[in-house]
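Observations on the model geometry
In case you want the letters, here they are:
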Amino acid sequence: MKKASEKLITTNKDLTKISEELTAANNDINKSIQAASVIQNAILPRIDLSHYGFRDLEYVWQPRDTIGGDFYWLEKKDGWTCLVVADCTGHGIPGAFMTLISSTLLDRISSIKDLSQPDAVLNDLDEFLQKSLSLDETHQQTDFGLDAGVCCFSLDAKIFRYSGAKMNLYQKTPQGVVEIKGDKKSLGYDIKEHPLNFKVFECELGQQASSFFVFSDGVTDQVGGEKKLMYGKKRVLHQIREAVDVKTAVSNIVADVERYQGLNKRRDDLTLFGFAL
């Protein structure tokens, strides 16, 4: 009986030690993730509306976890503003690493190329990703890549252009909401021949009031409701049509997604941009 009691005490001490070690390890991991969140937030641009040429802008960036795979990038060069909204592979740590790589590559592109052609930005990003991910004839595929929408505009030239890699743009005018579809190909993932061809949507600014919306699939793919179905594009478009401005539209979409989600788990990172020019 005494031996059994001593054995039980020893076992309890061992379990207590293991529990303490696991708690310490978990705390270290959480601290690292919090630090990574600070770094990821630091690469996201602070948006000065007047500097970049937006008449109005509202956006939401919500990682599913503390860090995520969605990001946005913004730069102005030679009178052209370029906004990129991107959804990288996965979420959490792998997705966050891809956002850092992609954002750095976009910085490089902007330093050596102009920002007036969204299709060229997508092509250059894919080409740089191919090199960064070490894709070649012997290593032709990887699990990492991204979908992206690229908006380029010049108030001086009064031109707006858009190209998308598996990401669509929505334009709201007095006549209604129009969907501008991106190409059905992602960036990264496998080796490709360059240059890649992407469709370019172009419209003249100033002819009529226009606002634009671009978002990651974390918005439309959120599961909820009584039937546990995805939120879907139709609900997003309804909120855009009914809203009086981009701020109201973005706020209403996010609030409606959260209501629809209810007690269900957040499925993905969520990024949504609405802006008027």
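Description of the structure in this document. (Residues numbered from 1 in each chain as written. Predicted model: local features only at pLDDT ≥ 70, side-chain atom pairs only at ≥ 80, totals over all residues. Heavy atoms only, no water.)

1. Here's the deal with the overall build of the chain
As a reminder, the rule being used: Numbered from the N terminus, helices here are DSSP runs of H or I no shorter than four residues, and strands are runs of E no shorter than two. Only protein chains enter the calculation, and the probe is 1.4 Å; a residue is then buried if its accessible area is under 20% of its type maximum, exposed if over 50%, and partly exposed in between. Areas reported as accessible are Shrake-Rupley estimates using a 1.4 Å probe. Residue values count occlusion only from the protein chains shown. In this count, Lys and Arg are taken as positive residues and Asp and Glu as negative ones, while His and the chain termini are left out. Taken as the charge location is NZ of Lys, CZ of Arg, CG of Asp or CD of Glu.
Assigned secondary structure in the chain consists of 7 helices and 13 strands. Principal axes of the C-alpha set define a box for the chain whose edges measure 90 × 50 × 35 Å. Among the 277 residues that make up the chain, the fraction classed as buried is 46%. Of the roughly 14600 Å² of accessible surface on the chain, 52% is carried by carbon and sulfur atoms. Considering the chain, the positive charge centre built from 34 side chains and the negative charge centre built from 39 side chains are found 6 Å apart.

2. A few points about the environment of Phe-71
Rules: Two residues form a contact once any of their heavy atoms are found within 4.5 Å.
Structurally, the position occupied by Phe-71 is in strand β2 (residues 70-77). On the basis of relative accessibility, which here comes to 1%, the residue Phe-71 falls in the buried class. C-alpha of Phe-71 to C-alpha of Asp-28: the two residues are 43 residues apart in sequence and 25 Å apart in space. Setting aside chain neighbours within four positions, we find Phe-71 in contact with Leu-44, Trp-61, Val-84, Val-85, Ala-86, Cys-88, Thr-99, Ser-102, Ser-103 and Leu-106.

3. So, helix α4 (residues 118-132)
To keep it simple, the criterion reads: Every helix has an expected span of 1.5 Å times one less than the residues it contains.
With 15 residues, α4 should reach 21 Å at 1.5 Å per residue; the first-to-last C-alpha distance of 21 Å fits that figure. Taken together, the buried positions of α4 are Pro-118, Val-121, Leu-122, Asn-123, Asp-124, Leu-125, Asp-126, Phe-128, Leu-129 and Gln-130. Buried positions along α4 lie against β3 (80-88), α3 (92-112), β4 (141-154), β5 (159-165) and β8 (187-190). Two residues or fewer past α4, Ser-134 is found with a positive phi of approximately 60°.

4. Quick word on the nonpolar core
Soluble globular proteins tend to pack their nonpolar side chains together in the buried interior. Selection rule: Working definition of a nonpolar core: buried Ala, Val, Leu, Ile, Met, Phe, Trp, Tyr and Cys residues. They are joined through side-chain atoms within 4.5 Å.
The biggest cluster of nonpolar side chains holds 51 residues, and the ones touching the most others in it are Leu-146, Phe-160 and Phe-275. Residues contacting Leu-146, with those up to four places away along its chain left out, are Ala-86, Asp-87, Cys-88, Met-98, Ser-102, Leu-125, Leu-129, Ser-186, Leu-187 and Tyr-189. Among the nonpolar cores identified, the runner-up in size contains 20 residues, and Val-60, Tyr-170, Val-177 and Ile-253 belong to it.

5. Here we look at the packing of helix α6 (residues 233-242) against helix α7 (residues 246-261)
The following threshold applies: In this analysis an axis means a line fitted to C-alpha atoms, helices contributing only their contacting stretch, and an angle means the value between N-to-C directions, from 0 to 180 degrees. Helix crossings are classified by the rotation of the near helix relative to the far one: an anticlockwise turn of less than a right angle makes the crossing left-handed, while a clockwise turn makes it right-handed. The classification used treats Ala, Val, Leu, Ile, Met, Phe, Trp, Tyr, Cys and Pro as nonpolar, Asp, Glu, Lys and Arg as charged, and all other residues, Gly among them, as polar.
Closest axis-to-axis distance for the α6/α7 pair is 9 Å, and the angle between their directions is 145°. Judged by the twist between their axes, the crossing of α6 over α7 is right-handed. Counting all contacts with α6, which are made through Arg-235, Val-236, Gln-239 and Ile-240, the residues of α7 involved are Ala-249, Asn-252, Ile-253, Asp-256 and Tyr-260. For the contact of α6 with α7, the residue count by class is 5 nonpolar, 2 polar and 2 charged.

6. A word on the side chain of Ser-186
What counts is decided by this rule: By the criterion applied in these results, polar contacts are pairs of N or O atoms within 3.5 Å in which, for protein atoms, one can donate a hydrogen and the other can accept it, and in which residues neighboring in sequence qualify only through two side-chain atoms.
Counting through the fold element by element, Ser-186 comes out in the loop between β7 (176-180) and β8. A relative accessible area of 13% means that Ser-186 is categorised as buried. Within the structure, Ser-186 has its side chain in polar contact with the side chain of Asp-147 (distance 2.6 Å). When near neighbours in sequence (up to four residues on either side) are disregarded, Ser-186 contacts Asp-126, Leu-146, Asp-147, Ala-165, Lys-166 and Lys-192.

7. Some points on the pattern of salt bridges
As a reminder, the rule being used: Definition used for salt bridges: Asp or Glu carboxyl oxygen within 4 Å of a side-chain nitrogen of Lys or Arg.
Taken as a whole and judged by the stated rule, the model has 8 salt bridges. Close ionic contact of Glu-202 with Arg-161 constitutes a salt bridge, the shortest N to O distance being 2.9 Å. In this pair, Glu-202 is assigned in strand β9 (residues 201-204) and Arg-161 in strand β5, connecting sequence segments 41 residues apart. Exposure remark for Glu-202: the relative accessible area of 47% places this residue in the partly exposed category. Taking the shortest distance from any N to any O, the salt bridge between Arg-259 and Asp-256 comes out at 3.3 Å. Of this pair, Arg-259 and Asp-256 both sit in helix α7, 3 residues apart, which is roughly one turn of the helix. What makes Arg-259 exposed here is its relative accessible area of 58%.

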